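# Per-entry structural report
As a plain string of letters, each chain reads:
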Amino acid sequence: MITDRKFVLVTRKTRLMELKEKYCTLGQAKFYLEHLGESFDQYEDEHQQFLAVKQNVQRTLFNLGRVLELDRELLPTYLFQADDIVVVLGQDGLVANTLKYLTTQPVIAINPLPALFDGILLPFKPSQVRDIVLATLNQEVRIQAITLAEATTNLGHSMLAVNDLFIGPRSHTSARYRLEISNASEEQCSSGIIVSTGLGSTGWMKSIITGACAIAGQNNKDSKPVPWDEKSLTYAVREPFPSATSQCAKVFGRITPRNHLTLTSRMPENGVIFSDGLEQDAIAFNAGTVATISISASSGSLVLG
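Residues numbered from 1 in each chain as written. Predicted model: local features only at pLDDT ≥ 70, side-chain atom pairs only at ≥ 80, totals over all residues. Heavy atoms only, no water.

### Some points on the packing of aromatic side chains
To keep it simple, the criterion reads: Each Phe, Tyr or Trp ring (for Trp, its six-membered ring) is paired with any other whose centre lies within 6.5 Å, and the angle between the two planes then decides the class: stacked below 30 degrees, edge-to-face above 60, tilted in between. Numbering of helices and strands starts at the N terminus; helices are DSSP runs of H or I of at least 4 residues and strands are runs of E of at least 2. Each residue is assigned to one of three classes by its accessible area relative to the maximum for its type, calculated with a 1.4 Å probe on protein chains only: buried under 20%, partly exposed between the two thresholds, exposed over 50%.
The full count for this structure, using the stated rule, is five aromatic pairs. An angle of 15° between the planes, with centres 6.0 Å apart, marks the rings of F166 and W204 as stacked. Note that F166 is positioned in strand β7 (residues 164-169) and W204 in helix α6 (residues 204-216), a separation of 38 residues in sequence. Overall, F166 belongs to the buried group, its relative accessible area being 4%. Site record: aromatic cluster; members linked through ring pairs are F166, W204 and F274.

Written out as structure tokens, the structure reads:
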């Protein structure tokens, strides 16, 4: 053992494990998929490949220091220590899910299956784990700061987002709220609002802009990714509906350190705020709730080598 620092290895269930949970046994899952004409082999192969990589990474980390494995589902309840070194082994989304529960801990992101995962947020291969961990311990790595979004409410709730925040209806219905930004306000009716960070500018926000440009007959070739550490956020109102009681003048814009977005819910029920696609970890956004969306004072720290 080289150090007494703790390495927190963050993983998530493979698709095979999720199928087993859903159908209780692998036999049942296999029967169901093959009955529909789906091959079960791809799920088994992916699972075995991931397990082999995880075992090698675990072995490497155990030779360097103390190791704790943490499943994604436990992230909201786990208390990270200030000197933890976090190693994420999984998809790009797992990196985002992890960063928002940290403060200043460095994140080393490993791509276990490069043939399956894009790896935009996964700069390292499993074979590089030992070298990059040692370099991190010796403070010989470059750290990329990542701007986070934050939602706070008048009820005392708060939530961070690495990629994006969603504010709107829990199901496919209309959201009603008052939007305030840049000393202007209006009542709106829409299918919700997306607030994107620089990191999230190539994700959900990009799809919204692409769709809007296509509908308007415009080319979005000039839409460029926002730097991950830029101190601004982008908001977009999804499917805004103009009516006698709702307006659509403020449906797209920037949130800056001096220019927050304030939303007041007009929905009696089923209003929610969630971040980075984790709907189960949501804040209620019902009538009387006032949410302020701003740039967080906290930021993520991603090791780039």
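### Here we look at the pairing of strand β5 (residues 143-153)
Inclusion rule: At least two bridges found by DSSP between two strands are what make those strands a pair.
The pairing of β5 with strand β16 (residues 290-303) spans ten bridges and is antiparallel. Across the sheet, T153 pairs through a bridge with A291, a residue of β16. Two strands pair when backbone bridges link them, and β5 and strand β6 (residues 158-161) are joined in this way by four bridges, in the antiparallel orientation. Note on β6: the bridge partner recorded for T152 is S158. Here β5 folds back onto β6, and the loop between the two strands holds four residues, one of which, G156, carries a positive phi near 90°.

### Re the side chain of T234
Definition in use: Pairs of N or O atoms within 3.5 Å make up the polar contacts considered here, provided that, within protein, one atom can donate a hydrogen while the other can accept it, and that residues adjacent in sequence are counted only when both atoms are side-chain atoms. Residues count as neighbours in contact if any of their non-hydrogen atoms are within 4.5 Å of one another.
Tracing the backbone shows T234 in strand β11 (residues 233-237). Note on T234: relative accessible area 9%, which makes it buried. A polar contact of 2.8 Å, which involves the side chain of T234, links it to the side chain of R254. Discounting residues that sit within four places of it in the chain, T234 has contacts with I194, V195, S196, M205, F252, G253 and R254.

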